[in-house]
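The residues making up each chain are set out below.
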Amino acid sequence: MYLATTDAAATAKVTRGRVGGPVLALGAVSLVTDVSSEMVTAVLPLYFVLQLGLSPLQFGFLDGLYNGVTALVRLAGGRAADRGGRHKLVAGAGYALSALSRLGLLLAGGGTLGIGAALAADRIGKGVRTAPRDALISLSAPPDALGRAFGVHRAMDTTGALLGPLAAFALLWATADAYDAVFVVSFCVGLLGVLLLVAFVPGRAAAPPHPREPHPAPRARARLLAPLRDPAFRRLCTAAGLLGAATIGDSFLYLLLQRRLDFAVSWFPLLPLGAAAVYLLLAVPVGRLGDRIGRRVPFLCGHAALLGGYLLFLATERGAVLLVGVLLLLGVFYAATDGVLMALAGPVLPPAHRASGMALLQTGQALCRLLAAAGFGAAWTLWGAGPALVAAALALAAALVAAGMLLPGRAEPPHSPQPNAPDPEPEPEPDALPPERRPSRP
């Protein structure tokens, strides 16, 4: 088992040039958990729109609602994790809840209400664990290697997202469409992820007690919003929110591809695999690039790639070009924004508010994406897919310009010290030492 440490210098010595053990352990947990999760969620867009016959407006609201619920729970998870440094405990609770939700799918017996409750439990578990997990990653890597650390984690996480649908299809083929077998295997795999977290992920040491102050402690709401007092963090939240409000979501892009290319619906669940493969290949290189040149550039370029995906729908009717281009650009978008955003936030958040700050950032972005999903669904229903895509492209272009102005030329120094860490004392000159401590000379 790895040892937990809060010393940035010691961590830098261990992880310089490679990713440390805690990050790899968290990546393994995410990989296994994503295999479990994606086994049962790969077909949700197809099920809601093509099987249940929901309109694009209804699907947009439902898709955004799930993300919105996840985002709101992140606030509670982040705050609970920061209280006493209980990042591992809170993250473990989230992973365990997601694993148990697979049993809920078994008990639902095909009932819509039971399936909805099980999926909601899975989303709540994801919301609870996300901020503490990302805080653990940022606290386990030196500031100049955060991009690489998050890139490695996201690559391992995406590997699970690739394997999950493939495992589900293999099980359905081997068991003659026995969905209960998929749910049972999904639960077992999710439980394995929890065991990996308990065994191999170090916990954070509790924060040192602060001296008592004469004035009363601030209210919980004030403590929760404390990271927003930092101007740099406020600018980052604003930029992420603006870009999130212009991000319509990959589920809509997959539905547009299916309708434009008119391929068999049985192939629909395989669409996310194309984008996930690109994400897997690029996550680590993009993270390392961000560590070298600053993370602002990859973050903005990733959203520019998403804008290119929107425009590709409007520019070509060729099926192969459209399919490969959209999946490629969508994978670039996720590789250049998901982990990079957390790496941007890490250096500007003190360790005591790391999980809370990341939860605020993720929640604001997800709520803005909720509005974007509902707005695009409404525009598609009222105007049609073409005009809705034009509006989405214009909104994203405007958001890119605004975000470029909000984020500084280099959002974080490449070798910034650990937040709130005392400056190292300078080494005294040999002649300034007392005679008994001076080094002997030959």
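Residues numbered from 1 in each chain as written. Predicted model: local features only at pLDDT ≥ 70, side-chain atom pairs only at ≥ 80, totals over all residues. Heavy atoms only, no water.

S.K.: Can you break down the overall build of the protein chain residue by residue, with the values?
M.R.: Scanning the protein chain for helices and strands turns up 16 helices and zero strands. Burial analysis of the protein chain (442 residues in total) assigns 50% to the buried set. Once local pairs closer than 6 in sequence are excluded, the contacts in the protein chain between residues at least 24 apart make up 85%. Here the protein chain displays about 20500 Å² of accessible surface, and carbon together with sulfur accounts for 67% of that area. (Helix = DSSP H or I, 4+ residues; strand = E, 2+ residues; numbered from the N terminus. Buried < 20%, exposed > 50% of the residue type's maximum accessible area, 1.4 Å probe, protein only. Contact = heavy atoms within 4.5 Å. Areas by Shrake-Rupley, 256 points an atom, 1.4 Å probe, with all protein chains shown as cover.)

S.K.: Just give me the short version of the packing of helix H10 (residues 231-244) against helix H14 (residues 319-345), but keep the residues and values in it.
M.R.: Their axes nearest at 10 Å, the elements H10 and H14 cross at an angle of 160°. Comparing the axis directions of H10 and H14 gives the class roughly antiparallel. In terms of crossing hand, the pair formed by H10 and H14 is left-handed. Residue-level contacts link Phe233, Leu236 and Ala240 of H10 to Leu341, Leu344 and Ala345 of H14. Here the residues of the contact of H10 with H14 are counted per class, giving six nonpolar, no polar and no charged. (Axes fitted to C-alpha atoms, helices over the stretch in contact; angles between N-to-C directions. Parallel < 35°, antiparallel > 145°, perpendicular 65-115°, else oblique. Left-handed = near helix turned anticlockwise from the far one by under 90°. Nonpolar A, V, L, I, M, F, W, Y, C, P; charged D, E, K, R; others polar.)

S.K.: So what's going on with the packing of aromatic side chains? Which residues, and what values?
M.R.: Under the defined criterion, the tally for this structure stands at five aromatic pairs. Cluster of aromatic residues (ring-pair linked, three or more members): Phe252, Phe376 and Trp380. (Phe/Tyr/Trp six-rings, centres within 6.5 Å; stacked < 30°, edge-to-face > 60°.)

S.K.: Before we move on, can you summarise helix H11 (residues 250-261) with the specific residues and values?
M.R.: Across its twelve residues, H11 extends 16 Å between first and last C-alpha, which sits within 8% of the 16 Å expected from 1.5 Å per residue. Along H11, the residues classified as buried are Ser251, Phe252, Leu253, Tyr254, Leu255, Leu256, Leu257 and Gln258. Looking one or two residues beyond H11, the residue adopting positive phi is aspartate 262, at roughly 55°. (Expected span 1.5 Å × (residues − 1).)

S.K.: Describe in detail the environment of leucine 314, supporting the description with residues and values.
M.R.: You can see leucine 314 is positioned in helix H13 (residues 296-315). Spatially, the C-alpha atom of leucine 314 lies 9.6 Å from that of proline 387, the residues being 73 residues apart in sequence. For leucine 314, the residues in contact, after removing those within four places along its chain, are Gly386, Leu389 and Val390.

S.K.: Quick rundown of the confidence of the model for the protein chain? Include the residues and the values.
M.R.: Put simply, the protein chain has an average pLDDT of 78, and 74% of its residues get 70 or more. Taken together, the stretch residues 1-17 has pLDDT below 50 and engages in 27 contacts with residues farther than four places along the chain or on a different chain. Here residues 205-218 scores under 50 on pLDDT; set against residues more than four positions off or in separate chains, the count is four contacts. (pLDDT = per-residue confidence, 0-100.)

S.K.: Run through the packing of H14 against helix H15 (residues 354-383), naming residues and quoting values.
M.R.: Running from N to C, H14 and H15 point in directions that differ by 140°, and their axes come no closer than 9 Å. In the packing of H14 onto H15, the handedness of the crossing is right-handed. The residues of H15 that touch H14, namely those facing Phe333, Leu341, Met342 and Ala345, are Met358, Leu361, Gln362, Gln365 and Arg369. Among the residues making up the contact of H14 with H15, the classes are represented as six nonpolar, two polar and one charged.

S.K.: Break down the pattern of salt bridges for me, with residues and values.
M.R.: Applying the stated criterion across every chain, the model contains six salt bridges. Between aspartate 122 and arginine 102 there is a salt bridge, and its shortest N-O distance comes to 3.1 Å. Linking aspartate 122 in helix H6 (residues 112-139) with arginine 102 in helix H5 (residues 87-108), this pair joins segments that are 20 residues apart in sequence. A residue is classified by how much of its surface remains accessible, and aspartate 122, at 3% relative accessible area, is buried. (Salt bridge = Lys/Arg side-chain N within 4 Å of Asp/Glu carboxyl O.)

S.K.: Quick one: what's the story with helix H2 (residues 21-41), residue by residue and with numbers?
M.R.: The terminal C-alpha atoms of H2, which comprises 21 residues, lie 30 Å apart, in line with the 30 Å expected from a rise of 1.5 Å per residue. Of all the 21 residues making up H2, 17 are buried; the element is thus mostly covered by neighbouring parts of the structure.

S.K.: How would you sum up empty space enclosed by the protein? Please name residues and give values.
M.R.: Inspection of every chain in the model, using the stated rule, returns four cavities of 30 Å³ or more. Its boundaries defined by the atoms lining it, the second largest cavity holds a volume of some 50 Å³. What lines the second largest cavity is Gly147, Phe150, Gly151, Arg154, Tyr279, Ala283, Gly287, Ala335, Gly339 and Val340. Of all the secondary structure elements, the ones that give two or more residues to the lining of the second largest cavity are helix H7 (146-174), helix H12 (271-293) and H14. (1 Å grid on protein atoms, 1.4 Å probe; cavity = no way out; pocket = protein on both sides within 12 Å on 5 of 7 lines; lining within 4 Å. Points joined across faces, edges and corners; volume = space filled by probe spheres on them.)

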